[in-house]
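Okay, here's what each chain looks like letter by letter:
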Amino acid sequence: GVQAVGLQLLARRLRERLRPRGVRVLVVGPAGEMSAKSMSLTLKQGMEVVQVDEEAFSIAGTPADCALAALCEPNGLTHLLQLAPILMVSGVNAGPNLSTDVLYSGTVGAARQAAFLGVPAIATSLADYSDSEEDVEGAVTATLEVVEAVLALLAAYDAMDHPRNFPRNWGVSTMGHTHPATDSSTANRSGNNGDGSVGAAVGAEAASVASLSIEEQVQRSFVTGDCLLNVNVPPQWGGKFSVCSLGVMYYHGVLRSLNEAGEEMDAERSARLVPKFYTNRPKECRHVPRPDEKNDVDEVVRHRASISLLQTWPQGYHSSLTDEAFHAVNVQEDDGLPRWLAAPRPAAI
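Heads up: these notes are all about the structure in this document.

Cut-offs used in this document
- Position labels on residues start from 1 in each chain and follow its written sequence.
- The predicted origin of the model limits local features to residues at a pLDDT of at least 70 and limits the giving and counting of side-chain atom pairs to 80 or more, whereas totals for whole chains, interfaces and linings rest on all residues.
- As a convention, hydrogens and water are excluded, and side-chain values are obtained from all of the structure's heavy atoms.
- Relative accessibility under 20% of the residue-type maximum defines a buried residue, over 50% an exposed one, and the middle range a partly exposed one, all with a 1.4 Å probe and only protein chains included.
- Each helix is a run of DSSP H or I of at least 4 residues and each strand a run of E of at least 2, with the numbering of both proceeding from the N terminus.
- We call two strands paired when DSSP finds no fewer than two bridges between them.
- Lines fitted to the C-alpha atoms define the axes, with helices restricted to the stretch that makes contact. Angles between their N-to-C directions range from 0 to 180 degrees.
- Should any heavy atoms of two residues lie within 4.5 Å, those residues are counted as being in contact.

### Overview of helix α8 (residues 214-223)
When you tally the buried positions in α8, you get 9 out of 10 residues, the bulk of the element. What α8 keeps buried is the set Ile214, Glu216, Gln217, Val218, Gln219, Arg220, Ser221, Phe222 and Val223. Count one or two residues on from α8 and you reach Gly225, which has phi positive near 85°.

Here is the structure:
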């Protein structure tokens, strides 16, 4: 929740760095524990908002609710406080968000919700349930390095004072894919104005995107919220990063079956008596090593902080990165950060 140690420490460190540059850090978090909520939203009931301090708010909702509460126009907190959102950082979460965890994770869900709205986003986690101050400090330090690289990219795009895609223009694909315009006041059902002007604009946009390098396409996609970063920092982090894909991992022993007296039941009795099921922290996490490809699970095991690019959108959505671009980005610089973060700035968006 909003009082989580990792979130509070990250916010404090960000303020120390960014206030001298004129950047405010607004914290909006759930009122309590909200693990494994993915992009779940609260529907059909109100959500209490409590101002914790001058720049922090507690929301009686899910992580994705918090992203909406912060960013949704015209009633989001950034709008009400007259702030222009630059970057959304979700975390530091206590526990890994590796492999298929990204489908369940509330931390990733909040970052993806921000990206939906056109805000560049990072999800970050300590890949352990440790409450060690040293481990949390390590995760925050790694996150700050990634944030600084991202802010440098946003500055190159002139996106520090003027967000490039917020509020999101839902009728325009930032990757140049052809699709009908959505504003009925300017376009008819065929997706043009009758004189070919919309079609010509989309065609020009597609040609512009096609002329970009792979790194430039990824930059453009990240700056406009069409992809996001997922960072996992191991305990006792040694300072190294690894840019990688998602690994293969699954959990064993996720459910406990108890009778009415709260006693553990075996599988045969459980099947007959239909007991209550309780999800609990898995007793065992298993992963399948993939030596042929760098992946987040294996890299964290090697005590490297993993940095993985995630698509914001479902596969096939018009603003998704191409497969070629998405699979060609796992290249890193000498400092371990993604090469596309340091690639030359392309033409303006």
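### With respect to the sheet that holds strand β5 (residues 121-126)
An order of β4-β5-β6-β12-β7 is seen for the 5 strands of this open sheet, with the pairing classed as mixed. The strands lining the two open edges of the sheet, one partner per strand, are β4 (88-94) and β7 (241-243). Between one strand and the next, the sheet's axes are offset by a mean angle of 20°, whatever the strand orientation. Where β4 and β5 come together, 5 bridges link them in parallel fashion. Across the sheet, the residue bridging to Ser90 is Ala123, located in β5. Those strands touched by helix α6 (residues 133-156) are β4, β5, β6 (227-233), β7 and β12 (305-311), and its axis lies near 160° from that of β5. Running at roughly 90° to β6, α8 makes contact with β5, β6 and β12 of the sheet.

These figures come from the coordinates and say nothing about function on their own.
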